[in-house]
Amino acid sequence: MITQGAHRIIVGTDGSENSLSALRWALREGDLRKATVDVVHVWDYPPLLDPMALGTMPTNAELEASAERVLREVMRRVDADRGAAVVNQIVTRGPAAQSLLSAARGADLLVVGRRGRGGFLGVLLGSVATQVVNHAQCPVVVVSSH
């Protein structure tokens, strides 16, 4: 639970249903606590599966533009749940867990979905959620989509 003087909530989103539920939860909590909500979408270079592939790699600018489109779509989907919370939209590059942990330094709360788009579908807790729960320097809330 956030204490009286709380000012900042960080929430990670990748557009998955769990991350949308986490974002909705963080927006409601931010509204209740009069906290600023930093919505963080992290992108990184896609893995190179076939180094001999004939296709071209997207540029940094193209990858960042794609990440910004994802974040705009995420925010459009939760717009009705926004309330009065002050929201900052942040797009950053790097490993997801490490980027979220960095963003959460000095924050009052870090919120993530229980699992995102990647990995194994049967896993109860995804790798990013597991890493932030184990390494965050602030309280962490893990939200499931149902």
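Residues numbered from 1 in each chain as written. Predicted model: local features only at pLDDT ≥ 70, side-chain atom pairs only at ≥ 80, totals over all residues. Heavy atoms only, no water.

Colleague: Looking at this structure, how should I read the pattern of salt bridges?
Modeller: As a working rule, side chains carrying opposite charge can pair if their charged atoms are close by. Under the definition given, this model contains four salt bridges. With a closest N to O distance of 3.1 Å, R8 and D38 form a salt bridge. On the criterion of sequence distance, the pair formed by R8 in strand β1 (residues 8-12) and D38 in strand β2 (residues 36-43) is long-range, its members being 30 residues apart. Exposure remark for R8: the relative accessible area of 24% places this residue in the partly exposed category. A salt bridge links E29 to R33; the nearest nitrogen and oxygen atoms lie 3.1 Å apart. Residue E29 and its partner R33 are located together in helix α1 (residues 17-33), separated by four residues, close to a single helical turn. Accessibility expressed as a relative area gives 24% for R33, which makes it partly exposed. (Salt bridge = Lys/Arg side-chain N within 4 Å of Asp/Glu carboxyl O. Helix = DSSP H or I, 4+ residues; strand = E, 2+ residues; numbered from the N terminus. Buried < 20%, exposed > 50% of the residue type's maximum accessible area, 1.4 Å probe, protein only.)

Colleague: Whenever I open this one, the sheet that holds strand β3 (residues 86-93) confuses me. Can you help?
Modeller: The strands making up a sheet associate through hydrogen bonds between their backbones, and the pairing can be parallel or antiparallel. Strand order in the open sheet formed by five strands is β3-β2-β1-β4-β5, and the pairing between neighbours is parallel. Each of the sheet's edge strands pairs with one partner strand only, and the pair in question is β3 and β5 (140-143). In this sheet, adjacent strand axes meet at a mean angle of 20 degrees when their direction is disregarded. Pairing analysis gives eight bridges linking β2 to β3, with the strands arranged parallel. When the sheet's bridge partners are listed, D38 is paired in β3 with N88. Sitting on the sheet, helix α3 (residues 96-103) touches β1, β2, β3 and β4 (109-113), and the angle it makes with β2 is about 155 degrees. Those strands touched by helix α4 (residues 127-135) are β4 and β5, and its axis lies near 160 degrees from that of β4. (Pairing = 2+ DSSP bridges. Axes fitted to C-alpha atoms, helices over the stretch in contact; angles between N-to-C directions. Contact = heavy atoms within 4.5 Å.)

Colleague: Whenever I open this one, α3 confuses me. Can you help?
Modeller: At 3.6 residues per turn, the α-helix brings residues three or four places apart onto the same side. For α3, every residue scored as buried is listed here: A97, S99, L100 and L101. On its buried face, α3 sits against β1, β2, β3, β4 and α4.

Colleague: What is the right way to look at a nonpolar patch on the surface in this model?
Modeller: Taken together, the side chains of L125, V133 and V142 define a hydrophobic patch exposed on the protein surface, amounting to about 200 Å² of accessible area. Secondary-structure assignment places V142 in strand β5. (Patch = residues over 30% accessible without salt bridge, like charges linked within 9 Å, V, L, I, M, F, W, Y side chains within 5 Å. Areas by Shrake-Rupley, 256 points an atom, 1.4 Å probe, with all protein chains shown as cover.)

Colleague: What should I look at first to understand the nonpolar core in this one?
Modeller: Ranked by internal contacts, the top residues of the largest apolar core, which has 19 residues, are I9, V11, L23, V37, V39, M75 and V111. The set of elements that each furnish at least two residues to this core consists of β1, α1, β2, α2 (60-78) and β4. Apart from residues no more than four positions distant in its own chain, L23 is found in contact with V11, V39, V74, M75 and V78. Membership of the second largest hydrophobic core comes to 13 residues, among which are V42, A97, A104 and C138. (Core = buried A, V, L, I, M, F, W, Y, C linked by side-chain atoms within 4.5 Å.)

Colleague: Just to check I follow, could you spell out the packing of α1 against α2 for this structure?
Modeller: Helix-helix packing is described using two parameters, namely the angle between the two axes and the distance between the axes. Running from N to C, α1 and α2 cross one another at 60 degrees; their axes reach a closest spacing of 10 Å. By the angle between their axes, α1 is oblique relative to α2. Considering the relative orientation of α1 and α2, their crossing is right-handed. In this structure, α1 contributes E17, L20, L23, R24 and L27 to the contact, and α2 contributes V74, M75, R77 and V78. (Parallel < 35°, antiparallel > 145°, perpendicular 65-115°, else oblique. Left-handed = near helix turned anticlockwise from the far one by under 90°.)

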